[in-house]
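# Architecture at a glance
Below are the chains, spelled out letter by letter.
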Amino acid sequence: MRAFACSHCGQLLFFENSHCLRCGTALGFAPEVLELSAIEPVAWDRYRAVDAAPTDEASRKDAIGGGPADRERTRDQRYKRCARAGMASCNWLVAADSAEELCMSCRLTKTLPLLRTDAEMRAFAQAEGAKRRLLYQLLDLGLPLVARQEDEKLGLSFVLAFRADDKPVITGHCKGVITVDLLECDNVHRERLRHQFGEPYRTLLGHFRHEIGHYYWDLLIDDKPALARFRELFGDERVDYRAALRRNYEIGGGSWSSRFVSSYAASHPWEDWAETFAHYLHIRDTLQTAANFGLRVSPAAQTIPPAGGKLTARATEAVTELEFAHVVAEWLPLTYAFNAANRSMGKEDLYPFVLADEVIEKLSFVHDLVRFVELSEALPPGTEASSGVLDLDTSADGDADARESRVHSVDRERAVDRGVDTADAA
């Protein structure tokens, strides 16, 4: 996440802020330019961005930390607040002349849950906040993002739901619909499951990143040239998914740490991909945050020394230009420092992972896919991009029956023991 500052007083702002806590200036996030802007009223529920985006490309890239060249906003751009500014704690803006009352993030929520208590309202707002963080990163990386309303086949939507009448909600993905159990917003419930499953890490944002990984498998790998390389690294996704999950739940991931980023990743190639994709998003987001705060790490000993012996964490554009081996060289010293700081506070490691060589190779595959998409977006129409992972002169057809039968679920116990099918996941 980039660091934002109030254009009136220079106060550090966080992505979720709707007002500057120092000077009280109203703020709103404009997704088309990825800016958290100071806004001033010009009419009832109509606002003007106070800090207009620079008009020259170099200044604009510097102002927003380096993004696609087509992020522009005119000085006269008018906005209105999202209609769910209250119930979803949403600070995203909508173009004033748009017929839509909801921002692009809130429009992706397929149905509203029944919110009966203050705790449920807080949980819903918390989940929407995690979703906005996810969407910001996807937009920043230039990954394809299409609403379900615009494309029934390839579009994305979210179902945020509570249990009703003892009927469980399965966190998972099915054909572009991501379902999240809002009980995951309860810290006690989430920690209980984390210990029950022996997980070193379990967060609401992590769930969103895992499930979006399944969505992008469908978009970027399934029936694409990259599928052959995927099978070399992750295995054949056509093996029985339900049987694989049941086996993982009953006997665990075995000696998984030398080949997988998590025990759950060992259950099936689809889950290995989703866990790896989510981990890649963790790395990219944290590196961007470190870069925006100017963090430098110069450890006495490190596994992979970065060039020059010191770390200057890089922002998104710079990371995109690097081979993944260099990204890892930037990343590992930073994790050592984070973990050391946590231990100084008597806390567990912030980054409780060890990246084996095979995991790094899988992460490199994800990195190359993302770079290919970013490059493709930047090229003029009719120009072909070249990528080591997508330049394969081969294509493999996925097993349609296997694709239709899968339930991507981070909750192994419910998905396996209750015999949930794909319709329940959506």
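Residues numbered from 1 in each chain as written. Predicted model: local features only at pLDDT ≥ 70, side-chain atom pairs only at ≥ 80, totals over all residues. Heavy atoms only, no water.

Over its 17 residues, helix α5 (residues 204-220) runs 24 Å from end to end, which matches the ideal 24 Å to within 8%, given 1.5 Å per residue. Among the residues of α5, the N-terminal cap falls to T203, whose side-chain oxygen and the backbone nitrogen of G206 are separated by 2.8 Å. (Helix = DSSP H or I, 4+ residues; strand = E, 2+ residues; numbered from the N terminus. Expected span 1.5 Å × (residues − 1). Polar contact = N/O pair within 3.5 Å; in protein donor to acceptor, adjacent residues only side chain to side chain.)

What follows is about the packing of helix α3 (residues 118-141) against helix α8 (residues 269-292). For the pair α3 and α8, interaxial distance at closest approach is 11 Å and the crossing angle is 85°. Compared by their axis directions, α3 and α8 come out roughly perpendicular. Across from R133, L134, Y136, Q137, D140 and L141 in α3, the residues of α8 making contact are L281, R284, D285 and Q288. By residue class, the composition of the contact of α3 with α8 is four nonpolar, two polar and four charged. (Axes fitted to C-alpha atoms, helices over the stretch in contact; angles between N-to-C directions. Parallel < 35°, antiparallel > 145°, perpendicular 65-115°, else oblique. Contact = heavy atoms within 4.5 Å. Nonpolar A, V, L, I, M, F, W, Y, C, P; charged D, E, K, R; others polar.)

Moving on: the sheet that holds strand β7 (residues 93-95). Whenever strands of a sheet pair, they do so through backbone hydrogen bonds, lying parallel or antiparallel. Across the sheet, which stays open at both edges, the five strands sit in the order β3-β4-β5-β6-β7 with antiparallel pairing between neighbours. Each of the sheet's edge strands pairs with one partner strand only, and the pair in question is β3 (27-30) and β7. Strand-to-strand twist in this sheet, taken as the mean axis angle between neighbours without regard to direction, amounts to 55°. Relative to β7, strand β6 (residues 78-81) runs antiparallel, the two being bridged by three bridges. (Pairing = 2+ DSSP bridges.)

The next point concerns the pattern of salt bridges. Where charged atoms from two side chains of opposite charge approach closely, those side chains can pair. One pass over the structure, following the stated rule, counts 21 salt bridges. Between K80 and E101 there is a salt bridge; the shortest N-O distance is 3.2 Å. Placement of the pair is K80 in strand β6 and E101 in the loop between β7 and α2 (104-107), with a sequence separation of 21 residues. A relative accessible area of 2% places K80 in the buried class. Among the salt bridges present, the one from R229 reaches E361, with a minimum N-O distance of 2.9 Å. In this pair, R229 is assigned in helix α6 (residues 226-234) and E361 in helix α11 (residues 357-378), connecting sequence segments 132 residues apart. Accessibility expressed as a relative area gives 24% for R229, which makes it partly exposed. Shared partners join several salt bridges into a network, and the residues in it are R231, D236, E237 and R238. (Salt bridge = Lys/Arg side-chain N within 4 Å of Asp/Glu carboxyl O. Buried < 20%, exposed > 50% of the residue type's maximum accessible area, 1.4 Å probe, protein only.)

Within the largest apolar cluster, 90 residues are counted, with the highest numbers of intra-cluster contacts made by L143, I212, Y216, I221, W273, L355 and F365. Apart from residues lying up to four places away in sequence, W273 is in contact with G213, H214, W217, I221, F230, F234, F365, V366 and L369. Counting residues in each nonpolar core, the second largest holds eight residues, with A30, V33, I39 and Y47 among its members. (Core = buried A, V, L, I, M, F, W, Y, C linked by side-chain atoms within 4.5 Å.)

Looking now at the confidence of the model for the chain. With 76% of its residues at a pLDDT of 70 or more, the chain shows a mean pLDDT of 80. By mean pLDDT, helix α14 (residues 422-425) is the weakest element of the chain at 33, and α2 is the strongest at 96. Of the regions scoring below 50 in pLDDT, residues 378-426 engages in 123 contacts with residues more than four places distant in sequence or in other chains. (pLDDT = per-residue confidence, 0-100.)

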